[in-house]
Structure formats: C-alpha cells, structure tokens
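Structural description and commentary
Each chain, letter by letter, is given below.
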Amino acid sequence: MEDALREALGTTVLRPTGHTAAGCISQGRSYDTDHGRTLTLSLNIWQARRMFEGEMASLEAILKTGTIKVPKPIKVIDLPDCSTAFVMQHLEMKDVSRHSSQLGTQLADLHLYNQKLGEKLKKERRIVGKGQGQTEIQFVDQFGFHTVTCCGYLPQVNDWHSDWVSFFARQRIQPQMDMIEKESGDREARELWAQLQLKIPSFFCHMNIVPALLHGDLWGGNVAEDDSGPIIFDPASFYGHSEYELAIAGMFSGFTGSFYSAYHSKIPRAAGFEKRLKLYQLFHYMNHWNHFGSGYRRSSLNIMRSLVQ
C-alpha cells in the first residue's frame, strides 16, 4: 500500500507517525509526507470509491465556505490489493469541550452561507452594470448535490429538486423504506409510511426554505476541536433544510446546551420545529435499521405513529 501511496501522492517521504484512526467502517493511518502530515483512510468493500468520492466532494464544498474547519481533502486512490484509500490533511483532534459554543456559531454560519450568497447576488443585480453572468457568486437554488454521498455505507440520492418536501420524501425516506421492504417486507412500516406521506406537507406550512449546505451526518462522533476551534469531519453533504442537521445531533450525546444556544441565536427555531425534528430523525433511525438491523425498528415506527396522529 505504501508504495502505491507514495507514487499517487508524488512524495519521496512517507513515514508512519504512529497515529491511527478507526471508524465504524474504515481504518486510518497517519503519515508524514513531502506535503505535510496526512491521514489515509482505507476500505476494502466494493462501494469504497463511491463513499470516499462523496466524502471528498463534501469536504471540498464545506471548505470553500470558509465557515468551519474541516480536514483538507487530497486524493482518492485505488490500491493494488483492491481496496481504496482516501488521503486528507491530518488534524490533531480531541473531544469538543472549550469550543462547543463556537461549534454552534460556525455550524449556523455554514447553514446561512448559501442564503447570504443569494442575498448578495440579488443586491449586485440591482447595481447598474452588474447583470447576470457578471458575478462569481455561486448561489444554489435547489435541493440536492452534484454527486452521490453516503450516510454510512448506503448511498443517498441527491438528484436536484426545486421542492424540499418532495426531495425529502422521495430521496431520503422512500429509498430507506424500499430497502426495508426488500429486506423484511414490514407491513406496518409500509402502512404507516403511506399515511405519513400525506401529512408531511402540513409540517411545512408558510415556510420558505432556502437550501443550506449541510454536513449531513452530524452526530457526536463526527465533531472535534483543536486549539484553534471546532472541526467537523466525515460528512455526507447535500443542500437541504438547515433543521435536518440537528436531527441526528439530538439522537446521540455529544452536543451541549451552549452549542444549541449559539446555533439558535443565529437561526431561531421556527414554529413546528419539534415535529419536523422528529420527521428528520425518522430518516436516521431507518438508516440505522438498514445498517444494523431491526433493533431500530421500534424507534422508527414510534416516530411514524406519533407523526400521523
């Protein structure tokens, strides 16, 4: 593996640092190279290249906003042993403690970035001589992403859509339900989903949702900090509703009251927030059901029952 990495990275130095990283799916090793310290994640499953390319695109998109720190992505490499590696900047990371409030502020800045681009674009178009095509602002006015990303090892459909409610129902929940149906033929889940689909639009009355660039899988295991501030990593990005980001954050530990206070000081809770949060958590419970088995069935069905009442 190291010879292949050395050639692909164009480095004469490839010295293991002794640092390792282990996630739910991939394994990582840190190396010193001609270009600085890097972290190499490796994975030996057939979906690996798709997973790593989606993660690289996600990191690139977040990095361009300049709102919150992420590891700089470098390259996805096919290795001789049929595994795939993803090389990125190595960051010295520790659990979030000092910078919890800053994490909330910077996450809100990430979510507001595209909206502010849109506002800037409108303002520039009102200036004489500043017409469409004369600005470098890249405002995204639809929901989706330019490539497939994976939440865990399962791919997310990110086809562009102008309507968030339709995007979420068709490209987040429906694929999860299709997998559950294929694996177990769960009749109760299918019947509850049929009822819930009819109610979802009522959760979004009078809302104008501007697409926000999301991390997409922001649980406590994907956030950290260094001396300079918070870090987020292992993203599954797309443009969606900012509230979606807080769903999995609330399912597992890792986020403090100061995080939420700082976040909501910039993006206040809108009416109906709690019900929509449950709806977004449904995706993650179903995704866990499809990853890890029927231990997550009860939570998934309970959320659907509560939402159809």
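Owing to the predicted nature of the structure, the values given are computational and were not obtained by experimental measurement.

1. Some remarks on the packing of helix H3 (residues 100-125) against helix H7 (residues 257-266)
- Relative to each other, H3 and H7 sit at 35°, their axes nearing to 7 Å. The crossing of H3 and H7 is right-handed. Counting all contacts with H3, which are made through Ser100, Ser101, Leu103, Gly104, Thr105, Leu107, Ala108, Asp109, His111 and Leu112, the residues of H7 involved are Ser258, Phe259, Ala262, Tyr263 and Lys266.
- Residue composition of the contact of H3 with H7, by class: seven nonpolar, six polar and two charged.

2. Let's talk about the side chain of histidine 288
- Within the secondary structure, histidine 288 sits in helix H8 (residues 273-292).
- We classify histidine 288 as buried; its relative accessible area is 13%.
- Residues contacting histidine 288, with those up to four places away along its chain left out, are Ile248, Phe252, Gly293 and Tyr296.

3. What to know about the nonpolar core
- Judged by nonpolar contacts, the single largest core of 75 residues is most densely connected at Trp164, Leu196, Phe204, Ile232, Leu279 and Met304.
- Here this core takes nine residues from H8, the largest share from any one element.
- Looking at which domains feed residues into this core, each of domain 1 (1-89) and domain 2 (99-308) gives three or more.
- Residues within four places of methionine 304 in sequence aside, it is in contact with Met177, Ala189, Leu192, Trp193, Leu196 and Leu282.
- If you look at the next biggest cluster of nonpolar residues, it comprises nine residues, including Leu5, Leu14, Leu79 and Ala85.

4. Focus: unusual backbone geometry
- Of note, cysteine 82 is a non-glycine position whose phi angle comes to about 75°, a positive value.
- Position of cysteine 82 among the secondary structure elements: in the loop between strand S4 (73-78) and strand S5 (84-89).
- Under the relative-accessibility criterion, cysteine 82 is labelled exposed at 66%.
- Despite not being glycine, aspartate 234 has its phi angle at roughly 55°, a positive value.

5. Description of the pairing of strand S2 (residues 27-33)
- Among the seven residues in S2, five count as buried, and that is most of the element.
- Pairing analysis gives seven bridges linking S2 to strand S3 (residues 36-43), with the strands arranged antiparallel. When the sheet's bridge partners are listed, threonine 33 is paired in S3 with glycine 36.
- Between the end of S2 and the start of S3, which pair antiparallel, lie two residues.

6. Let's talk about the domain arrangement of the protein chain
- Entries for the protein chain in the domain assignment read domain 1 (1-89) and domain 2 (99-308).
- A separation of 26 Å is found between the C-alpha centroids of domain 1 and domain 2.
- Tallying the contact residues gives 18 residues for domain 1 and 27 residues for domain 2.
- Approximately 1800 Å² of surface area, both sides summed, lies buried where domain 1 meets domain 2, with 71% of it carried by carbon and sulfur atoms.
- Contact with domain 2 buries area across many residues of domain 1, yet Thr67, Ile68 and Lys69 alone supply 30% of it, more than any other trio.
- Linking domain 1 to domain 2 there are one salt bridge.
- Lysine 69 is the salt-bridge partner of aspartate 226, the closest N and O atoms lying 2.6 Å from each other.
- At the junction of domain 1 and domain 2, the tally comes to four residue pairs in polar contact (both at pLDDT 80 or more).
- Among the residues making up the side of domain 1 that touches domain 2, the classes are represented as nine nonpolar, five polar and four charged.

7. Considering the packing of helix H5 (residues 187-199) against helix H9 (residues 297-308)
- Interaxial distance between H5 and H9 falls to 9 Å at its minimum, and their mutual angle equals 35°. For H5 against H9, the interelement crossing comes out left-handed. Between H5, through Glu188, Ala189, Leu192, Trp193, Gln195, Leu196 and Lys199, and H9, the contact on the second element is made entirely by Arg297, Leu301, Met304, Arg305, Leu307 and Val308.
- Tallied by class, the residues present in the contact of H5 with H9 amount to eight nonpolar, one polar and four charged.

What counts, and at which threshold
- Note on numbering: residues in each chain are counted from 1, in written sequence order.
- Per-residue local features of the predicted model are confined to residues with pLDDT of at least 70, and side-chain atom pairs are confined, for both listing and counting, to 80 or more; whole-chain, interface and lining totals are unaffected and use all residues.
- Heavy atoms from the whole structure form the basis of all side-chain values; hydrogens and water molecules are not counted.
- Here an axis means a line fitted to C-alpha atoms, over the contact stretch when the element is a helix, while the angle between two N-to-C directions is reported on a 0 to 180 degree scale.
- Strands here mean DSSP runs of E at least two residues long; helices mean DSSP runs of H or I at least four residues long; both are numbered from the N terminus.
- Handedness of a crossing follows from how the near helix is turned relative to the far one, being left-handed for an anticlockwise turn of less than a right angle and right-handed for a clockwise one.
- The criterion used for residue contact is that any of the two residues' heavy atoms lie within 4.5 Å.
- We call Asp, Glu, Lys and Arg charged. Ala, Val, Leu, Ile, Met, Phe, Trp, Tyr, Cys and Pro are nonpolar, and the rest, Gly among them, are polar.
- Three exposure classes are used, based on accessible area relative to the maximum for each residue type with a 1.4 Å probe and protein chains only: buried under 20%, partly exposed in between, and exposed over 50%.
- In this description, a nonpolar core means a group of buried Ala, Val, Leu, Ile, Met, Phe, Trp, Tyr and Cys residues linked to one another through side-chain atoms lying within 4.5 Å.
- Residue ranges for the domains trace back to a domain assignment, done automatically or taken from a database.
- Two strands qualify as a pair provided DSSP detects at least 2 bridges between them.
- Summed over both partners, the accessible surface that disappears when two parts come together, traced with a 1.4 Å probe, is what is meant by buried area.
- Criterion for a salt bridge: a side-chain nitrogen of Lys or Arg within 4 Å of a carboxyl oxygen of Asp or Glu.
- Any pair of N or O atoms that falls within 3.5 Å is considered a polar contact. Within protein, one atom must be able to donate a hydrogen and the other to accept it, and sequence-neighbouring residues count only if both atoms are side-chain atoms.

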